[in-house]
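Residue strings, one per chain:
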Amino acid sequence: MDYIPYNELTPKELRRVIVAASAGTLIEWYDFFVFGSMASTTASQFYKTGTPQGDLIAWLAAYAVGFIFRPFGAIVFGYLGDKLGRKFTFTTTIITMGISTTLCGCLPTYANIGVTAGVLLIILRIIQGLAIGGEYGGAATYIAEHCPQGNRGFYTSFLQATATGGLCLSLIIILIFRNALGVEHWTSYGWRFPFIFSLLLVAAALYIRLSMKESPMYAEAKKAGKIKGNPLIESFARPYNLYFVCISLFGATMGQGVVWYTAQFYTLTFIQSTLKVPINDSYLIILVACLLGIPGFILVGYLSDKFGRKPFIVTGMLFGAALFYPCYIGLNNYRPYETNVDTQPQRAGYSPAMMGFITWIMVCFVNLVYGPMAAFLVELFPTNIRYTSMSLPYHIGNGIFGGLVPVIAVTIATNTGNIFGGLFFPIGISAACFLVALLVMPETLGTDITEIAASGNKKEKA
C-alpha cells in the first residue's frame, strides 16, 4: 500500500493532501448543489402539477430524494473505506457523482417524454445521494489522518469550507451561463450547461486524486493487522461505539444540518419563490454572503484548536434556534414587492445589500457549528471504523434533517399561508440538539486519533 509514514509527512506534503482532498470535495458539492440552485428555472421543465408552486415542491421533493439516500451511501462507501482504504473509495465517489450530474444535463424534459423525465431525474438524484454519502467521510478522515495533533481543527476546516464553496461555485456558473445566453435561451436549453460543465471539473479533480497516496494511519493500521472484522457491526452493534454515534447524530449533525440548510440553501428558495427577488439579484445575494462567510470556517477551525470543538458547535445551534425567525423577518422587510407579486412596482425599501447582510449573519451561525465539525467527528472514533462511524450520523443529520428543510418548509408555508411557518422545523431541531449537546456532548480536543482502540476521549475497554 503506497503511503508516507505519519511521522515523515512534510508541511508541503500536508498542504498537497488538503488541497487535493478539498478540491475534489468542493466539486462534489458543486454537483450536488447545482441541482437545487436552479429550482426556479428547471422545476416546470420536469414536473407539471398545474401551478408553479406545485412544480417547485415537486422539484424540491426530487432534490430531497438525493438527501434521503445519502445515509445509504455513507453505509456502503463507509464500509468500503474502512475495508479497502480511503483513497479508493473517495476516488470512486467522485466518478459516480460526475457521471450522474452530467447526465442530468442530457435528460429529455417533460415536454419530450412526459412523467418519465421526472422519474429519470429522481434516479440520477439517488445516484448523486449515494456518491456524496461516501465522499465527505472519506475526505474528512483522509485529511484528519494526515494532520498534526494540535492543528486538526484548522486543517479540516478547509474541507468544511468546501460545502459553502460548492454552493458558491454553482451560483457563479449559473450566473455566467444565464447572463451570457440571455433569459430566453437560458430557459430553453442553457440550464443544461452547468450540469454538463461538471464533467470538466470532475476530470480535473480525478487527475489530482489519482496521484494521492493512502492515509498513513489507515495504511499502518492495516499493515499491523488491525483492520479486521465488519466495520458496520463494530460501529453500530457495539454499545460503546453506538453511544458515540448517537451523540454525534442527536447532539451535533442534526442541529448542524438544519442550521446549514436554513442559513444558506432555504434562504435562496425563500427569497426567489416567496419574496420574488429577481433571479440575478437572488443569486448575487447568496453568493456574496457565502463568499464573505467562507473565511469564517477557517477562523473557527483554528480557534477550536485553542478552545475546543464543543463551545462553537453549541453556540452555532443556539444562535440558529434563537435568531432564524427574526433574520427571515428581516429579509421580508427588505423585499422587492409589497405583496410579493412581481408584476407590481418595486418598493422603495427593497435592498439586496441588506438582504445579503442578513444572510451573511446567518452564514456566521454555520461557521460556528460547521467549522469544527469534521475534527469533532473524526476524534470520536477509532481508525478501523472511523469512516463508517462518522459518515452515517453525518449524512442522516445533514441529508435527512438538513436536506429536507427546503421541501418541508415550502410545504408548510404553502399549506398554512404563513411564509415563516416552515421555520419552526429547523428551529425546533436546532433547539433540541443544542440541549442534547450541552448535556452530553464530550469535548474531543486533545484526543490522540493515532490510538487505534481510542474512541471519544477514553480508551475502549477490552
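Up top is the structure these notes are about.
Just so it is clear, the model here is predicted, and its values are computed rather than measured.

Basis of the calculations
Residues numbered from 1 in each chain as written. Predicted model: local features only at pLDDT ≥ 70, side-chain atom pairs only at ≥ 80, totals over all residues. Heavy atoms only, no water. Phe/Tyr/Trp six-rings, centres within 6.5 Å; stacked < 30°, edge-to-face > 60°. Helix = DSSP H or I, 4+ residues; strand = E, 2+ residues; numbered from the N terminus. Buried < 20%, exposed > 50% of the residue type's maximum accessible area, 1.4 Å probe, protein only. 1 Å grid on protein atoms, 1.4 Å probe; cavity = no way out; pocket = protein on both sides within 12 Å on 5 of 7 lines; lining within 4 Å. Points joined across faces, edges and corners; volume = space filled by probe spheres on them. Nonpolar A, V, L, I, M, F, W, Y, C, P; charged D, E, K, R; others polar. Disulfide = S-S within 2.5 Å. Salt bridge = Lys/Arg side-chain N within 4 Å of Asp/Glu carboxyl O. Core = buried A, V, L, I, M, F, W, Y, C linked by side-chain atoms within 4.5 Å. Contact = heavy atoms within 4.5 Å. Axes fitted to C-alpha atoms, helices over the stretch in contact; angles between N-to-C directions. Parallel < 35°, antiparallel > 145°, perpendicular 65-115°, else oblique. Left-handed = near helix turned anticlockwise from the far one by under 90°.

Asker: Describe the packing of aromatic side chains, and please don't skip the residues or the numbers.
Answerer: Inspection of every chain in the model, using the stated rule, returns 33 aromatic pairs. Ring centres of Phe46 and Trp191 lie 5.6 Å apart, and the angle between their planes is 80°; on these two criteria the pair is classed as edge-to-face. Highlighted residues: Phe46 in helix α2 (residues 39–46) and Trp191 in the loop between α9 (183–190) and α10 (192–210), separated in sequence by 145 residues. The buried category is assigned to Phe46, whose relative accessible area is 1%. Where Tyr266 meets Tyr328, the ring centres are 5.6 Å apart and the plane angle is 20°; that geometry is what we call stacked.

Asker: Help me get a handle on empty space enclosed by the protein, residues and values and all.
Answerer: What the rule picks out here adds up to 4 cavities of 30 Å³ or more. Of the voids in this model, the largest cavity is the one considered here, and its volume is about 70 Å³. Around the largest cavity, the lining residues are Ile4, Leu9, Glu13, Arg16, Val17, Ala20, Tyr142, His146, Met212, Lys213 and Glu214. Ranked by residues supplied to the lining of the largest cavity, first place goes to helix α1 (residues 11–37) with 4 residues. Partitioned by chemical class, the residues of the lining of the largest cavity number 6 nonpolar, 1 polar and 4 charged.

Asker: So what's going on with the state of the cysteines? Residues and values would help.
Answerer: The tally for this structure, following the rule as stated, stands at 0 disulfides. There is no disulfide at Cys106, and the cysteine sulfur nearest it, in Cys104, is 9.1 Å away. The class for Cys106 is partly exposed, based on a relative accessible area of 47%. Cysteine Cys433 remains unbridged, with the sulfur of Cys246 as its closest cysteine sulfur at 12 Å.

Asker: How would you explain the pattern of salt bridges if you had to name every residue and give the values?
Answerer: Counted according to the given criterion, the structure contains 7 salt bridges. One salt bridge connects Glu145 with Arg386, and the closest N-O pair in it is separated by 2.7 Å. Taken as a pair, Glu145 in the loop between α7 (115–144) and α8 (152–181) and Arg386 in helix α18 (residues 386–402) lie far apart in primary sequence, 241 residues in all. We note that Glu145, like Arg386, is buried. The salt bridge involving Arg152 is made with Glu379; its shortest N-O contact spans 2.7 Å. On the criterion of sequence distance, the pair formed by Arg152 in helix α8 and Glu379 in the loop between α17 (373–378) and α18 is long-range, its members being 227 residues apart. Glu379 shares its class with Arg152; the two are buried.

Asker: Go over unusual backbone geometry, please, and point to the residues and values.
Answerer: Even without being a glycine, Lys276 presents a positive backbone phi close to 60°. Tracing the sequence through the fold places Lys276 in the loop between α13 (239–274) and α14 (279–307).

Asker: Lay out the nonpolar core in plain terms, naming residues and giving numbers.
Answerer: A general tendency of soluble globular proteins is for nonpolar side chains to be buried together. Ranked by internal contacts, the top residues of the largest apolar core, which has 124 residues, are Trp29, Phe33, Ile271, Leu331 and Tyr370. Sorting elements by how many residues they give to this core places α13 first, with 15 residues. Leaving out residues up to four positions away in the same chain, Ile271 has contacts with Lys276, Val277, Ser282, Ile285, Ile286, Leu331 and Met355.

Asker: A description of the packing of helix α5 (residues 86–104) against α7 should follow, citing residues and the corresponding values.
Answerer: Helices that pack against each other are described as a pair by the angle of their axes relative to one another and the distance between those axes. Packing of α5 against α7 leaves a shortest axis separation of 8 Å and a crossing angle of 150°. In terms of orientation, α5 and α7 fall into the roughly antiparallel class. Here the hand of the crossing between α5 and α7 comes out left-handed. For the pair α5 and α7, the contacting residues are Arg86, Phe90, Thr93, Thr96, Met97, Ser100, Thr101, Leu103 and Cys104 in the first and Leu121, Leu124, Ile127, Gln128, Ala131, Ile132, Gly134, Glu135, Gly138, Ala139, Thr141 and Tyr142 in the second.

Asker: I'd like a description of the layout of surface pockets, backed by residues and values.
Answerer: Roughly 350 Å³ of internal volume is contained in the largest pocket. Considering the residues around the largest pocket, the lining is formed by 17 residues, among which Ser40, Pro52, Gln272, Ser273 and Lys276 are closest to the centre. When contributions to the lining of the largest pocket are tallied by element, the ones reaching two or more residues are α2, α3 (52–68) and α13. Here the element with the most residues in the lining of the largest pocket is α2; it accounts for 5 residues.

Asker: Any chance you could break down the environment of Gly105 for me, citing the residues and the numbers?
Answerer: On the secondary structure map, Gly105 appears in the loop between α5 and α6 (110–113). It is 9.9 Å that separates the C-alpha atoms of Gly105 and Leu121, two residues lying 16 residues apart in sequence. When neighbours within four sequence positions are excluded, Gly105 is seen to be in contact with Arg192, Phe195 and Ile196.

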